[in-house]
Amino acid sequence: NAGVTQTPKFQVLKTGQSMTLQCAQDMNHNSMYWYRQDPGMGLRLIYYSASEGTTDKGEVPNGYNVSRLNKREFSLRLESAAPSQTSVYFCASSEVSSGGWDTQYFGPGTRLTVL
Amino acid sequence: SQQGEEDPQALSIQEGENATMNCSYKTSINNLQWYRQNSGRGLVHLILIRSNEREKHSGRLRVTLDTSKKSSSLLITASRAADTASYFCATGNTGGFKTIFGAGTRLFVKA
């Protein structure tokens, strides 16, 4: 099993350009997440998808859109990139237990630089 | 806003010593988890402790949870150079989904 995969690994954009970050998981998890991590900080939740067909905003959704394409895939789109979106982006997936908690499995990340 | 705040921000120890990291949080939780992140990699889950548990062990890891003080600690015993990484606490409420990660403790273990 590959777990959670992300593409691309690195990307440089100019201000105003758009791009889509791809994420796929092969663990048959219902829930998927997009986070950003800035230097010296923890992860901040951008968007999440509790199950196929649903998406919800996290802590920092402005400037982003998401698509839960199917159970495996969850993409993150930057419509008009800004330097403030320079960050490392992580995708994660999980399955919420009957007890109400989940362990998240993370992809390797995408390093995005916006000039 | 970040729920969990780790302390210290950075920790440097010699191989073989124990490393203790603390996490404080603000609101009631269903569970608290610790994750590790090696440089340039994604986070890896280490251990989960539920709100009705006080202590949990996994190999060289020992986690405690004090819900009255809204705090948790992670102890790594007999540390190794390979333990060098950042460690994050993450708090969750019932229903999952909005797990909140702290800013992390950077641990450096010198060989």
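Residues numbered from 1 in each chain as written. Chains lettered and ligands numbered in written order. Predicted model: local features only at pLDDT ≥ 70, side-chain atom pairs only at ≥ 80, totals over all residues. Heavy atoms only, no water.

Q: How do you make sense of the sheet that holds strand β3 (residues 19-25) of chain A when you look at a structure like this?
A: Each strand in a sheet pairs with another by means of backbone hydrogen bonds, the pair being arranged parallel or else antiparallel. All names here are of chain A. The antiparallel open sheet is built from four strands, whose spatial order is β1-β3-β8-β7. A single partner strand is all that each edge strand has here, and the edge strands are β1 (4-7) and β7 (64-68). For this sheet, the mean inter-axis angle between neighbouring strands, taken without regard to orientation, is 20°. As paired strands, β7 and strand β8 (residues 74-78) are joined by five bridges and run antiparallel to one another. What sits directly across from Ser-67, in β8, is Ser-75. (Pairing = 2+ DSSP bridges. Helix = DSSP H or I, 4+ residues; strand = E, 2+ residues; numbered from the N terminus. Axes fitted to C-alpha atoms, helices over the stretch in contact; angles between N-to-C directions.)

Q: I tried to follow the pattern of salt bridges on my own but got confused; where do I start?
A: A pair can form between side chains of opposite charge whenever their charged atoms are brought close. All names here are of chain A. Under the definition given, this model contains seven salt bridges over all chains. A salt bridge links Asp-38 to Arg-36; the shortest N-O distance between them is 3.0 Å. Overall, Asp-38 belongs to the buried group, its relative accessible area being 10%. Overall, Arg-36 belongs to the buried group, its relative accessible area being 8%. Each of Arg-36, Asp-38 and Arg-44 takes part in salt bridges that share partners, so that together they form one network. (Salt bridge = Lys/Arg side-chain N within 4 Å of Asp/Glu carboxyl O. Buried < 20%, exposed > 50% of the residue type's maximum accessible area, 1.4 Å probe, protein only.)

Q: Explain the nonpolar core to me, please; I cannot follow it from the model alone.
A: Core analysis: the largest hydrophobic core is formed by 21 residues, its most contacted members being B:Met21, B:Leu32, B:Trp34, B:Leu74, B:Ile76, B:Tyr87 and B:Leu107. When residues of this core are traced back to their parent elements, those giving at least two are β3 (19-24), β4 (31-37), β5 (43-50), β7 (61-66), β8 (71-76), β9 (85-92) and β11 (105-110) of chain B. Core analysis: the second largest hydrophobic core is formed by 20 residues, A:Ile46, A:Tyr47, A:Tyr89 and A:Cys91 among them. (Core = buried A, V, L, I, M, F, W, Y, C linked by side-chain atoms within 4.5 Å.)

Q: Could you clarify how one ought to interpret the layout of surface pockets in this entry?
A: Which parts of space are left empty comes out when a probe the size of a water molecule is rolled across the atoms. Volume-wise, the largest pocket comes out at about 750 Å³. Around the largest pocket sit 32 residues that line it, and A:Gln37, A:Gly40, B:Gln37, B:Ser86 and B:Arg106 are the ones nearest its centre. Among the elements of the structure, β9 (87-94) of chain A together with β1 (5-7), β9 and β11 of chain B are those that each provide at least two residues to the lining of the largest pocket. Here the lining of the largest pocket takes four residues from β11(B), the largest share from any one element. (1 Å grid on protein atoms, 1.4 Å probe; cavity = no way out; pocket = protein on both sides within 12 Å on 5 of 7 lines; lining within 4 Å. Points joined across faces, edges and corners; volume = space filled by probe spheres on them.)

Q: Would you explain the interface of chain B and chain A in this entry?
A: The interface is formed by 25 residues belonging to chain B together with 25 residues belonging to chain A. Summing the contributions of chain B and of chain A, the shared interface buries around 1,900 Å²; its carbon and sulfur component is 55%. At the junction of chain B with chain A, the criterion picks out zero salt bridges. At the boundary of chain B and chain A, one finds two residue pairs in polar contact (both at pLDDT 80 or more). Classifying every residue of the side of chain B that touches chain A gives seven nonpolar, 15 polar and three charged. (Contact = heavy atoms within 4.5 Å. Buried area = accessible area lost by both parts, 1.4 Å probe. Polar contact = N/O pair within 3.5 Å; in protein donor to acceptor, adjacent residues only side chain to side chain. Nonpolar A, V, L, I, M, F, W, Y, C, P; charged D, E, K, R; others polar.)

Q: Sorry, what's going on with the state of the cysteines here?
A: A disulfide bridge is the covalent bond that connects two cysteines by way of their sulfur atoms. In total, this model carries two disulfides over all chains according to the counting rule given. At a sulfur-sulfur separation of 1.8 Å, the disulfide partner of A:Cys23 is A:Cys91. Torsion about the S-S bond of the A:Cys23 and A:Cys91 cystine: about -75°, corresponding to left-handed handedness. Here A:Cys23, found in strand β3, pairs with A:Cys91, found in strand β9; they are 68 residues apart in sequence, far enough to count as distant. The same class applies to A:Cys23 and to A:Cys91, which are both buried. Across the disulfide, B:Cys23 is cross-linked to B:Cys89 (sulfur-sulfur distance 2.0 Å). Looking along the S-S bond of the B:Cys23-B:Cys89 disulfide, the torsion reads about 60°, which is the right-handed sense. Taken together, the residues span a long stretch of sequence, with B:Cys23 in strand β3 and B:Cys89 in strand β9 at a distance of 66 residues. Just as B:Cys23 is buried, B:Cys89 falls in that class too. (Disulfide = S-S within 2.5 Å.)

Q: Is there a simple way to explain unusual backbone geometry in this structure?
A: Comment: phi is negative for the bulk of residues other than glycine, and the bulk of peptide bonds are trans. Of note, the amide linkage connecting A:Thr7 to A:Pro8 takes the cis form, showing an omega dihedral of -5°. Of note, A:Pro8 is situated in the loop between β1 and β2 (10-13). Although it is not a glycine, B:Lys70 adopts a positive phi angle of roughly 50°. Residue position: B:Lys70 is located in the loop between β7 and β8.

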